[in-house]
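Remarks on the overall topology
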Amino acid sequence: MSKRTISTLPRYVFLNSYAFLLLAMGIGMACLPLHAYSRHWLWLQVPFCIFCFYEACRILQSWQDKKRKYNILIERNTPDFRPDTFNEYMQAPCGRLLTLLVLKDLGILNEYKQLKSLQKHIWQITAADCRPQKTHVYINPNYQSK
């Protein structure tokens, strides 16, 4: 395995491809002259464009976080491959792109098929998120305040 870095232009474009797709969708929707047919279309067109631009900016602003997560995944999987470390990343499209990049750098791209089983479908995610969850608070008995 060669020492790879995530901070290159092709990797930036690859990991932010969903942001660029959202930008293209927002620009494309903004360019449609729907107001010529009816002013009511603006009630759909404007919020859709704002949503696309907002989400694209959120994805692009998460670059530092992606670099940090890349380093964490490389460290956790360097001596041995641990599929459990990728569970969180397999739930989102951008996380799956990061997973592909990490596996490629580790030279174990063929393990992606195994990780695909960790991916939850949309109805599994929604059902899990809507259920009440217990919160456990741990109080350290050895904590000493200053």
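Scope of this entry: the structure provided in the associated data block.

Calculation notes
- Residues numbered from 1 in each chain as written.
- Predicted model: local features only at pLDDT ≥ 70, side-chain atom pairs only at ≥ 80, totals over all residues.
- Heavy atoms only, no water.
- Patch = residues over 30% accessible without salt bridge, like charges linked within 9 Å, V, L, I, M, F, W, Y side chains within 5 Å.
- Areas by Shrake-Rupley, 256 points an atom, 1.4 Å probe, with all protein chains shown as cover.
- Salt bridge = Lys/Arg side-chain N within 4 Å of Asp/Glu carboxyl O.
- Helix = DSSP H or I, 4+ residues; strand = E, 2+ residues; numbered from the N terminus.
- Buried < 20%, exposed > 50% of the residue type's maximum accessible area, 1.4 Å probe, protein only.
- Contact = heavy atoms within 4.5 Å.
- Polar contact = N/O pair within 3.5 Å; in protein donor to acceptor, adjacent residues only side chain to side chain.
- Axes fitted to C-alpha atoms, helices over the stretch in contact; angles between N-to-C directions.
- Parallel < 35°, antiparallel > 145°, perpendicular 65-115°, else oblique.
- Left-handed = near helix turned anticlockwise from the far one by under 90°.
- Nonpolar A, V, L, I, M, F, W, Y, C, P; charged D, E, K, R; others polar.

**A word on a nonpolar patch on the surface**
A contiguous nonpolar patch, built from Tyr18, Leu21, Met25 and Phe48 and spanning about 340 Å² of accessible area, is present on the exposed surface. Considering every element that reaches the nonpolar patch, the biggest residue donor is helix H2 (residues 17-31), with three residues. Summarising the element assignment, leucine 21 is placed in helix H2. By relative accessible area, leucine 21 is classed as partly exposed at 47%.

**So, the environment of leucine 97**
Note that leucine 97 resides in helix H5 (residues 93-106). Apart from the residues lying within four places of it in its own chain, the contact partners of leucine 97 are Phe14, Leu15, Ser17 and Tyr18.

**Regarding the side chain of glutamine 45**
Looking at where glutamine 45 falls in the secondary structure, it is placed in helix H3 (residues 42-61). Looking at glutamine 45, its side chain comes within polar contact range of the main-chain oxygen of leucine 32, at 2.9 Å. Apart from the residues lying within four places of it in its own chain, the contact partners of glutamine 45 are Met29, Ala30, Leu32 and Leu34.

**Overview of the packing of helix H4 (residues 63-77) against H5**
It is at 10 Å that the axes of H4 and H5 come closest, and there the two elements cross at 45 degrees. Taken together, the axes of H4 and H5 are oblique relative to one another. Like other packed secondary-structure pairs, H4 and H5 cross with a definite hand, here right-handed. Only Cys94, Leu98, Leu101, Val102, Asp105 and Leu106 of H5 make contact with H4, whose side of the interface consists of Lys66, Lys69, Tyr70, Leu73, Ile74 and Asn77. For the contact of H4 with H5, a count of residues per class yields eight nonpolar, one polar and three charged.

**So, the packing of H2 against H3**
The geometry of H2 relative to H3 is characterised by a closest axis approach of 8 Å and an angle of 160 degrees between their N-to-C directions. As summarised for this structure, H2 and H3 are arranged roughly antiparallel, according to the angle between their axes. Here H2 and H3 pass one another in a crossing that is left-handed. Between H2, through Tyr18, Ala19, Phe20, Leu22, Leu23, Met25, Gly26, Ile27, Met29 and Ala30, and H3, the contact on the second element is made entirely by Gln45, Phe48, Cys49, Cys52, Phe53, Glu55, Ala56, Ile59 and Leu60.

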